[in-house]
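Report on the structure
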Amino acid sequence: MLETEHLGVSYGKTPILRDVNISIEQGEIVGIMGKNGVGKTTLVKALIGLLDINEGRVTFDDTVVADATANRESFWRAESFPQEVASTLAGTPISNAPGRLGEFFPLAAELTPDATADQRARAGMGYIPQGRDVFPELTVEENLEMGETINGDAGEFQYDAVYEFFPILEERRTQDAGTLSGGQQQMLAIGRALIGNPDLLLLDEPSEGVQPSIVQDLTRDLEQVNEELGTTILFVEQNLHVVQNLAERCYAIDKGTIVDELGPERLASRDAVTKYLAV
Ligand SMILES: Nc1ncnc2c1ncn2[C@@H]1O[C@H](COP(=O)(O)OP(=O)(O)OP(=O)(O)O)[C@@H](O)[C@H]1O
Ligand SMILES: [Mg+2]
């Protein structure tokens, strides 16, 4: 249901991700583990559409949502821009070409722009950012309501299901989110993403800032969401417990590229996993 082909992302001229190839099937729980600064957040943001891609493609539910595969250099030159314009635009993904270009250049008119983060959310991608990002001065319930804007086309909002998975959120419904513990705020962030019934949950280090004793509850809750709602789960992590207990299989990322993929057997081996996590 989610696939990247030769995905590459740069910040300015600095390449961060290169040749990332991952594929997630409907209903799976897949992890991507890696140390600090290897590109995990960059990858998640590129998948959800918060960052432009420079190379390759992203496909979600059989729809190409981001595409940079056309040869940019030759495109800008083939369309016979003046030399200085061509070299300025050479690094711009064609899929993000300024809209009016199509009026003048036939090739550009045929290109479909990348889906925005908002469009991807409406198409069923739920996203839980690193560091949770709940609104501390809004109540728990008001925070959950923000999920309606995120997945606005989903139709029915599943407050009952969210409160069933996370009874603490119902108990604390009228309290400010800022008064919750780290673990409870993470549950709230997950609940907010679940309100619109996404097909896919993308989690950026769900264990960060969560007490070790609560991390276990969190992985159990996510497993339950996957089982009962059928939500496909993709998470990035550097927490050994989460990687070993939540992932059905797990990619390892290092220096911006996928370097390994571990199935259940190797995931059970502490040594095999810590190799990609130890600092
Ligand atoms: N906005 C930015 N501009 C330039 N470089 C950036 C930007 N954001 C991140 N980077 C760099 O990109 C690389 C990957 O960062 P990223 O945040 O994706 O890593 P990460 O694996 O999520 O790290 P962490 O485990 O600390 O969350 C790092 O070297 C980082 O310094
Ligand atoms: Mg990160």
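The text that follows walks through the structure, step by step, so that each part is easy to find. Since this is a predicted model, take the numbers as computed values, not measurements. (Residues numbered from 1 in each chain as written. Chains lettered and ligands numbered in written order. Predicted model: local features only at pLDDT ≥ 70, side-chain atom pairs only at ≥ 80, totals over all residues.)

Each helix and strand in the protein was counted, giving 14 helices and eleven strands. Among the 279 residues that make up the protein, the fraction classed as buried is 41%. Within the protein, contacts between residues separated by at least 24 positions form 70% of all contacts whose residues are at least 6 apart in sequence. (Helix = DSSP H or I, 4+ residues; strand = E, 2+ residues; numbered from the N terminus. Buried ≥ 20, exposed ≤ 12 C-beta atoms within 10 Å, placed from the backbone. Contact = placed C-beta atoms within 7 Å.)

Attention shifts here to unusual backbone geometry. Located in the positive-phi region is D19, a residue other than glycine, with phi close to 45 degrees. One can find D19 in strand β2 (residues 14–20). Of note in the backbone geometry, N197 takes a positive phi value of approximately 55 degrees without being a glycine. Relative to the helices and strands, N197 is located in the loop between α10 (182–194) and β8 (200–204).

This part covers the site of ligand 1. Close to ligand 1 lie Y11, I16, G34, N36, G37, V38, G39, K40, T41, T42, Q130 and Q238, which account for all nearby residues. With three residues, helix α1 (residues 40–48) is the largest single contributor of residues to the shell around ligand 1. Class assignment of the residues belonging to the shell around ligand 1 gives a composition of three nonpolar, eight polar and one charged. (Near = placed C-beta within 6 Å. Nonpolar A, V, L, I, M, F, W, Y, C, P; charged D, E, K, R; others polar.)

A separate point is the environment of T69. The topology assignment puts T69 in the loop between β6 (63–67) and α2 (72–78). Given 16 C-beta atoms within 10 Å, T69 falls into the partly exposed group. Put simply, T69 and H6 are 63 residues apart on the chain and 8.9 Å apart in space, counted from C-alpha to C-alpha. Non-local contacts of T69, meaning those with residues more than four positions away in its chain, are made with G56 and R57.

Moving on, we get to the pairing of strand β9 (residues 232–237). Burial analysis of β9 places six of its six residues in the buried class, the great majority of the element. Side-chain alternation along β9 places T232, L234 and V236 on one buried face and I233, F235 and E237 on a second face that is also buried. With five bridges joining them, strand β4 (residues 29–33) and β9 adopt parallel strand pairing. If you follow G31 over to β9, its bridge partner there is F235. Taken together, the five bridges between β8 and β9 define a ladder with parallel strand orientation. (Pairing = 2+ DSSP bridges.)

In this section: the nonpolar core. Counting 70 residues, the largest nonpolar core has L43, A46, L188, L202, L234 and C250 as the members making the most contacts within it. Ranked by the residues each element gives to this core, the list is headed by α10, at six residues. In this structure, L43 is in contact with L17, V20, I32 and V236, ignoring residues within four places of it in sequence. (Core = buried A, V, L, I, M, F, W, Y, C linked by C-beta atoms within 7 Å.)

Such coordinate-based values are descriptive only and should not be taken to indicate function.
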